[in-house]
Amino acid sequence: MRELKFSQALNEALHQEMERDEDVFVLGQDVGKMGGDFGVTKGLWKKYGEKRVIDTPLSEAAMVGLSNGAAFTGLRPVVEIMFADFITECFDQIVNNAAKAHYMFGGQLTAPMVLRTASGGGFRAAYHHSQNPEAWLMNIPGITVVAPSTPYEAKGLLTASIRSENPIIFFEHKMLYSTSGEVPEEPYTLKLGKAEVKKEGKDVTVIASMKMCEYAMKAAEELADKGVSVEVIDPRTLVPFDRETIFDSVAKTNRVVVAYEAPKTGGYGAEIAGMLNDEMFEFLKAPVKRVASLDSPVAFSPKLEDHIIPEYSQVLDGIKEVIDY
Amino acid sequence: MELTVDKLKQMYYDMNLIRRFEEKVDEHSKKGNIPGFIHLSIGQEACQTGVMHALKETDYKFPDHRSHGVCLLAGSPKEKVMAEIFAKKTGLCEGKGGSMHIADVEVGNMGNNAIEGSITASGLGTAYASKYRGEDNVTAVFMGDGTCGRGELHESMNMASNLKVPLIYVLVNNGYAISTRAEEAHAFPEHLSDRAAGYDIPAEVVDGNDVEKVYETMNRAVQRARKGEGPSMIELLTYRWQGHFSGDPASYRPEDEVEKWKEEKCPIKNLREKLEKRDVKPETLDKLEEDALQEVNEMVEFALNSPEPELEDAIKYIYAEKYESMKEGK
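All values derive from a computational prediction rather than experimental measurement.

Parameters and conventions
- Residues numbered from 1 in each chain as written.
- Chains lettered and ligands numbered in written order.
- Predicted model: local features only at pLDDT ≥ 70, side-chain atom pairs only at ≥ 80, totals over all residues.
- Helix = DSSP H or I, 4+ residues; strand = E, 2+ residues; numbered from the N terminus.
- Rg over C-alpha atoms; globule rule 2.2 N^0.38 Å.
- Buried ≥ 20, exposed ≤ 12 C-beta atoms within 10 Å, placed from the backbone.
- Contact = placed C-beta atoms within 7 Å.
- Pairing = 2+ DSSP bridges.
- Axes fitted to C-alpha atoms, helices over the stretch in contact; angles between N-to-C directions.
- Core = buried A, V, L, I, M, F, W, Y, C linked by C-beta atoms within 7 Å.
- Domains from an automatic or database assignment.
- Right-handed = clockwise from strand over helix to strand, strands pointing away.
- Expected span 1.5 Å × (residues − 1).

1. Quick notes on the overall build of chain B
For step 1, the next point in the chain: Regarding its fold elements, chain B presents 11 helices and 7 strands.
For step 2, the next point in the chain: Relative to a compact globule of 330 residues, whose C-alpha radius of gyration would be 20 Å, chain B shows 20 Å and is just as compact.
For step 3, the next point in the chain: Going through the 330 residues of chain B one by one, you find that 52% of them count as buried.
For step 4, the next point in the chain: Sequence-distant contacts in chain B: of pairs separated by 6 or more residues, those separated by 24 or more amount to 74%.

2. A few points about the sheet that holds strand β6 (residues 203-207) of chain B
Residue and element names in this part refer to chain B.
For step 1, the next point in the chain: Ordered by their spatial adjacency, 5 strands build an open sheet running β1-β2-β3-β7-β6, and the pairing between neighbours is parallel. Each edge of the open sheet is held by one strand with a lone partner, namely β1 (60-62) and β6. Across the sheet, the axes of successive neighbouring strands diverge by a mean angle of 20°, strand direction being ignored.
For step 2, the next point in the chain: Note: β1 against strand β2 (residues 139-144), 3 bridges, orientation parallel. Directly across from Lys61, in β2, lies its bridge partner Ala140.
For step 3, the next point in the chain: Its contacts with the sheet put helix α8 (residues 211-226) on β3 (167-173), β6 and β7 (232-237), and the angle it makes with β7 is roughly 170°.

3. Description of the nonpolar core
For step 1, the next point in the chain: Judged by nonpolar contacts, the single largest core of 192 residues is most densely connected at Val206(A), Ala216(A), Ala259(A), Leu124(B), Ile168(B), Val170(B) and Ile234(B).
For step 2, the next point in the chain: The element that contributes the greatest number of residues to this core is helix α8 (residues 210-224) of chain A, accounting for 9 residues.
For step 3, the next point in the chain: Residue contributions to this core reach at least three from each of two domains, namely domain 1 (3-182) and domain 2 (196-324) of chain A.
For step 4, the next point in the chain: In this structure, Val170(B) is in contact with Val51(B), Ala140(B), Val141(B), Phe142(B), Met143(B), Ile234(B) and Leu236(B), ignoring residues within four places of it in sequence.

4. Focus: the pairing of strand β14 (residues 289-293) of chain A
Residues and elements named next belong to chain A.
For step 1, the next point in the chain: With 5 of 5 residues buried, β14 is to be regarded as a mostly interior element.
For step 2, the next point in the chain: Bridge analysis of strand β13 (residues 256-263) against β14 gives 4 bridges, and the strand direction is parallel. By the bridge assignment for β14, Pro263 is matched with Ser293.
For step 3, the next point in the chain: For the segment spanning β13, helix α10 (residues 268-279) and β14, crossover handedness is right-handed.

5. As for helix α1 (residues 6-20) of chain A
Residues and elements named next belong to chain A.
For step 1, the next point in the chain: Spanning 15 residues, α1 covers 21 Å between terminal C-alpha atoms, matching the ideal 21 Å at 1.5 Å per step.
For step 2, the next point in the chain: Burial within α1 is extensive, with 11 of its 15 residues counted as buried.
For step 3, the next point in the chain: Phe6, Ser7, Gln8, Ala9, Leu10, Asn11, Glu12, Ala13, Leu14, Glu17 and Met18 are the residues of α1 that are buried.
For step 4, the next point in the chain: Its buried side turned inward, α1 meets β1 (3-5), β2 (24-28), α2 (44-52), β4 (76-83), α7 (151-163) and β7 (168-173).

6. Remarks on the interface of chain A and chain B
For step 1, the next point in the chain: In this complex, chain A contributes 40 residues to the contact, which on the side of chain B involves 36 residues.
For step 2, the next point in the chain: Those elements that place two or more of their residues in the side of chain A that touches chain B are α3 (60-72), α4 (91-98), α5 (101-104) and α9 (243-253) of chain A.
For step 3, the next point in the chain: For the side of chain A that touches chain B, the element with the most residues is α3(A), which contributes 9 residues.

7. Some words on α8(B)
Residue and element names in this part refer to chain B.
For step 1, the next point in the chain: In this model α8 runs 22 Å from its N-terminal to its C-terminal C-alpha over 16 residues, within 8% of the 22 Å that 1.5 Å per residue would give.
For step 2, the next point in the chain: Buried within α8 we find Val211, Val214, Tyr215, Thr217, Met218, Ala221, Val222 and Ala225.
For step 3, the next point in the chain: Residues of α8 that are buried make contact with α1 (5-30), α2 (45-53), β3, β6, β7 and α10 (267-277).
For step 4, the next point in the chain: Count one or two residues on from α8 and you reach Gly228, which has phi positive near 85°.

Printed below as a string of structure tokens:
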């Protein structure tokens, strides 16, 4: 099968969905003639014009507000928030409008909009262009949080998100944009709320999404040589979280590591640890290990950033610690 | 063009209906029959009535924090507005919205949102949708003077102007954001709508207690929007007779100020005088008042006798599309 970069896979999903459904439109800063800061919206403006591809001012609240209002009437906006850090500028529209419109108006309104945004560290871009705010969004009933780790997932999950009736926050880890993988040419969807067992194993379960999934796969390979069988699960969506797949795995391996790039405290790994404590306690032979960032801002100095964000070796060490417990 | 007597009589009825409605809501809030915060619009009835009469059912309406009048005139079954405020299952939102969050999408009421300014941004979206589809519907977003401090409004005006969407900002300036007067908190406090010019949006200021003027001003803005000439702002100068919420003694305002507005500027009294001058008999107007009260009493009866939501409703409508893997709400 042909290979695409992560950013190209997203771009293809947008092209195909805009072709399929004329209610789909795109808005964001520099998404038009420039094609997006990371090239994800490349070619859309030329093909579909300024009505369906809007270059906006630096107005995240109005951009997401516009998306919500348009979605209330049945259109399907895909709004790009250039960096996930800028979500703070439109948080009200996400929390108090998109998430609650369906509920508080007794099911009358739906907000089928997708908010795409680039998250994660590694670019030396520091405090305001590097954060991993998944957990901020996970605490808002009504919001769906999607987090792909490969080009194949990027396309399938974005297509599914655009077709969903729910408001969706779609995280794109910026270190993944240039990674490549096999992607089918035809449009396809991956089920939201369904985790993927990336590699089967029997000794320990590693739950990891986005960039951390790459480390988990590498660790599984390295440890296989040492006779440790690692099962790697990519949740794909953090909300809803596929309990069944994870619980089945934990019932088999009895040991769990959760790797995530956000600060450790209150990150999504904390929620998974809590969930396993509530419902799978009798199956656990070791405490659930969280491998995460220091509880620190993402620093500018490369040396400090690498120290703050979990490295591959920390994922590896985390697995060993749980095995040896 | 002067409005017909029939049209004005309908407006007279509607304004009375809103006032009686608000009085009953106040009464039942204080009795404990209505939960939560209640924001009344007694004294502002001409704003809501004049604006709503200039709109069609297919236009998008976003009511403000003092929403009841707009919700009543949008075309919904009115008893369901009352039931919603009473948190009853028979309400427009099945009792999940309450006074601060009432929508009826069937009649273009897209709902008020208790975060001031939020709807100025989402109204941008319904207006864009009309333009996107080539429909002539307009969007009216109601807002108070306090909302002029919100960044979302400024982002919205900037984009609305640039995208030339059919959006009308209905600025109901009642002089106070809770206790704070415009001159204590804003630049250009005399006419808050002056800021629209900064975004190349035409604005008109009008006596918000004169229902005819409100109607005419809104009508001009609506026609502009329908013709594709873009957004407008209308600023309606008015006054709320009560405190910010039902039960607020409003001790931050001078007594004589309140009395002056009640005596000299009552929108209902003013319209009555006009109608009498146009040879409508006092008994005809009395009858309209009685009918309005009667209709409101029936709404209260309906609300009082309606059931509350069921406990399972707590986790209903969290997601429009269900997820197999999710135990919703747990």
